[in-house]
Amino acid sequence: MSLSNNLKPSSNSMATFYPISTNENSNDFDWNTVTNLFLSELYGLVGEKKISKLENELKLFHQNFEEKFKQQVPDLQAWEVIEDIYFLKNNIAKIAPKLRIFSLSEDAQNLSAEKRIVSLLKTLFKKNYIYQNDVNNLNFIEQKIYESFEAMFPSNIPDHQGANSYLPKLSNIFADDLIFLTRNSKYFLENIQLFLELYLFLYTSQLSIVINSWREADEPKIKECYFILDTERASRERACLQRSGYKLVEKGLDSIFPILALTESLQNNVEQKVPLWKFVTTLTDQDVEPLKTYCHEFADNRKLKVSNSHFEDLASSLDELQRLYKAQFAKGETRASRNVNIVRAIKNIILKPFTQSRGSAGTVFVLTQEYLLLLTNLVIGSREKLRLYEVLKELELRGIFFDKESQKALVEFYERLGNVEKMSDSGDAIYVKKTI
């Protein structure tokens, strides 16, 4: 990786690292379609293959299975029942995660927003890993469908092209969670959409918190971000919620687009772009002059003024570029609405399911019981149970922090659920069991 040899002011893009568009109308997406497309990518069914071609293959599978079934069961009425239940009513998509591909075929057109979302979700894929799709407790017909589908559509290694994470630590943890889920196919099928919604939200919140920390030139650590349970009350006195909760994330939202656009512009001749915090470690003193020239050309192009301070080294040149990239979206500038559109979309689409307004406490991040239960099973993973403090530590690794009040509410939630085991009255002796 190296500084682009063609540094020229151009249109702003952050598509490599984040999927929201400056065009509000192109940010509408359907989570069900995202999930179907993600699963198709996960099992290597789509990749470079056009969805239209895949549709034809699914129709061929339908025909082949019909012929095979009629040979084994000559009763015409029996086939009509099977076709109605599994193919016409699309219950075939509920047999196994991979068979969700049958739902995708119905939504094959106009998937630009969904594809951008999936491009980010692909940062969860493990290299050279084929994901499990084993299912149990199928009835006779479902087993036949499953076996026939596996024979015609074997799982392949997913395509990693374009998969770049600005936050490797978070992505790697959720990548392991994804492997755990695929080993529990029924639970995976029931919770995959919740899992993807959760990851995109946590990726966004952590990205917003660390986006301006690229000067540290190190892989971002998971930062404190506090939540409450949806059954809790919130107040201004909850200092962690006020200091390191929704307001902290909101503060960084308007920096996401400028910093990521700068990141891409410096590498416009590189196919596999890297985060800015990593890219700056590759720059040398020889890059100072090109960066200074780029500053002036960018300022002229955007009708901005270069700051009066001298920028004669890498640090000051990059700082000036950051200032200019943010300045182009300042109130009153012609491009201001584009960043406003992105921030609005993030709030209304990505953050909304996890935010609530709580009176004097203002807007706070909230975890509903369905997300909390999924997270509990993820952090326990293949183990049978974990001590409470270990559960809390695992949640923090995923960007979810609770203050003392919320920790008490969490224990009460687990007690109502019936998945706690108390070895003594000591808090350290509370074990949490998974529910899978």
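Here the structure is a predicted model, which means the values were calculated and not measured.

Draft legend 1. Focus on the sheet that holds strand β3 (residues 363–367). Read across the sheet, three strands follow the order β1-β3-β2 without closing on themselves; strand pairing throughout is mixed. Only two strands of the sheet have a single partner each, and these edge strands are β1 (227–229) and β2 (355–357). The average undirected angle you get between the axes of adjacent strands in this sheet is 55 degrees. Alignment of β1 against β3, held across three bridges, turns out to be parallel. Its bridge partner lying in β3, I228 is registered against V366.

Draft legend 2. Layout of the pattern of salt bridges. Tallied over the full model, the rule gives 19 salt bridges. Measuring nitrogen to oxygen at the nearest pair gives 4.0 Å for the salt bridge that ties K122 to D159. In this pair, K122 is assigned in the loop between α5 (112–121) and α6 (140–152) and D159 in the loop between α6 and α7 (168–182), connecting sequence segments 37 residues apart. What makes D159 partly exposed here is its relative accessible area of 23%. Across the salt bridge formed by K169 and E219, the nearest N and O atoms sit 3.4 Å from each other. Here the residue K169 occupies a position in helix α7, and E219 occupies one in the loop between α8 (185–210) and β1, the gap between them amounting to 50 residues. Look at the salt bridges and you will find they share partners, linking D177, E394 and R398 into a network.

Draft legend 3. Quick peek at the nonpolar core. Ranked by size, the top nonpolar core spans 138 residues in total, and within it Y18, F38, Y166, F195, L266 and F402 carry the most contacts. Once residues within four sequence positions are removed from consideration, Y166 is found in contact with F17, Y203, L207, I211, W214, P220, I259, L260, T263, P275, L276 and W277. Counting nine residues, the second-largest nonpolar core is a separate cluster that includes I228, A234, A361 and F401.

Draft legend 4. Here's a closer look at the pairing of strand β6 (residues 430–433). Strand direction decides the pairing type here: strand β4 (residues 385–387) and β6, joined by three bridges, are antiparallel. If you follow K385 over to β6, its bridge partner there is K433. Here three bridges tie strand β5 (residues 420–422) to β6, and the two strands are oriented antiparallel to one another. Each bridged residue has a counterpart across the sheet, and for E421 the counterpart in β6 is Y431.

Calculation rules
- Residues numbered from 1 in each chain as written.
- Predicted model: local features only at pLDDT ≥ 70, side-chain atom pairs only at ≥ 80, totals over all residues.
- Heavy atoms only, no water.
- Pairing = 2+ DSSP bridges.
- Helix = DSSP H or I, 4+ residues; strand = E, 2+ residues; numbered from the N terminus.
- Axes fitted to C-alpha atoms, helices over the stretch in contact; angles between N-to-C directions.
- Salt bridge = Lys/Arg side-chain N within 4 Å of Asp/Glu carboxyl O.
- Buried < 20%, exposed > 50% of the residue type's maximum accessible area, 1.4 Å probe, protein only.
- Core = buried A, V, L, I, M, F, W, Y, C linked by side-chain atoms within 4.5 Å.
- Contact = heavy atoms within 4.5 Å.

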